[in-house]
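A structural walkthrough
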Amino acid sequence: NFKASEHNYRVHFDGLFHPVPHGLLVSRRYKTTSLIEGETMHPDHKIDYWSEEVSPDGQEMTITGFKDKNRTKVNSIWVLDSVK
């Protein structure tokens, strides 16, 4: 069972860590116009590595979590459809 949640904050796409709610730090950067790579640092300094990619038709977003900094070991994949 999943609980709905919503998080709203703004972070620069400069590859530097910026504070967001819950004691987290987030770093984001554009790789292409449809691909963002980022990291989330937790208060214990554990880092989650992830990417967000929008499909060419703009109807789907894939969020991929990785176990490693090089993004070679996939931990999770979420595919989100656009709401019409």
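Residues numbered from 1 in each chain as written. Predicted model: local features only at pLDDT ≥ 70, side-chain atom pairs only at ≥ 80, totals over all residues. Heavy atoms only, no water.

Overview of the overall build of the protein chain
Let me state the cut-off plainly: Numbered from the N terminus, helices here are DSSP runs of H or I no shorter than four residues, and strands are runs of E no shorter than two. Only protein chains enter the accessibility calculation, which uses a 1.4 Å probe. A residue is then buried if its area is under 20% of the maximum for its type, exposed if over 50%, and partly exposed in between. Whether two residues touch is decided by their heavy atoms; if any such pair falls within 4.5 Å, the residues are in contact. Only the protein chains shown count as cover for residues, and all accessible areas are computed by the Shrake-Rupley method using a 1.4 Å probe. Counting rule for charge: Lys and Arg are taken as positive, Asp and Glu as negative, and neither His nor the chain ends is counted. For this purpose, a charge sits on NZ of Lys, CZ of Arg, CG of Asp or CD of Glu.
Scanning the protein chain from N- to C-terminus turns up zero helices and six strands. When the helices and strands of the protein chain are listed from N to C terminus, the series reads β-β-β-β-β-β. Each of the three principal axes of the protein chain carries a C-alpha extent, and together these read 40 × 30 × 25 Å. Classification of the 84 residues of the protein chain by burial places 27% in the buried group. Long-range contacts, defined as pairs at least 24 residues apart, comprise 6% of the intrachain contacts of the protein chain with a sequence gap of at least 6. For the protein chain, the accessible surface area stands at approximately 6,700 Å², while carbon and sulfur atoms represent 53% of it. One finds the centroid of the 11 positive side-chain charges in the protein chain at a distance of 4 Å from the centroid of its 12 negative side-chain charges.

Points about the pairing of strand β4 (residues 47–54)
Looking along a regular strand, one sees side chains alternate from face to face of the sheet. Put simply, the test is: A strand pair is defined by DSSP finding two or more bridges across the two strands.
Bridge count for strand β3 (residues 35–41) against β4 is seven bridges, and the pairing is antiparallel. Looking at β4, one finds that Glu39 is bridged to Tyr49. Hairpin connection, β3 to β4: the antiparallel pair is bridged by five residues, and His45 has positive phi, about 75°. Sheet topology note: the β4/strand β5 (residues 60–66) ladder contains six bridges and is antiparallel.

Regarding the packing of aromatic side chains
Rules: Note on ring pairs: Phe, Tyr and Trp rings are taken, using the six-membered ring of Trp, and paired if centres are within 6.5 Å. Classes follow the plane angle, with under 30 degrees stacked, over 60 edge-to-face and the rest tilted.
Summed over all chains, the structure comprises one aromatic pair. Seen from their ring centres, Phe13 and Tyr30 are 4.4 Å apart, and the 20° between their planes marks the pair as stacked. Taken as a pair, Phe13 in the segment before β1 (18–20) and Tyr30 in strand β2 (residues 24–32) lie far apart in primary sequence, 17 residues in all.

A look at the sheet that holds β3
To be explicit about the condition: What counts as an axis is a line fitted to C-alpha atoms, over the stretch in contact for a helix, and the angles between N-to-C directions run from 0 to 180 degrees.
What the six strands build is an open sheet, ordered β1-β2-β3-β4-β5-β6; its pairing is antiparallel. Since the sheet does not close on itself, it has two edges, and those belong to β1 and β6 (74–81), each with one partner. Neighbour-to-neighbour, the strand axes of the sheet open up by a mean angle of 25°, direction not taken into account. Here β5 pairs with β6 via seven bridges, running antiparallel.

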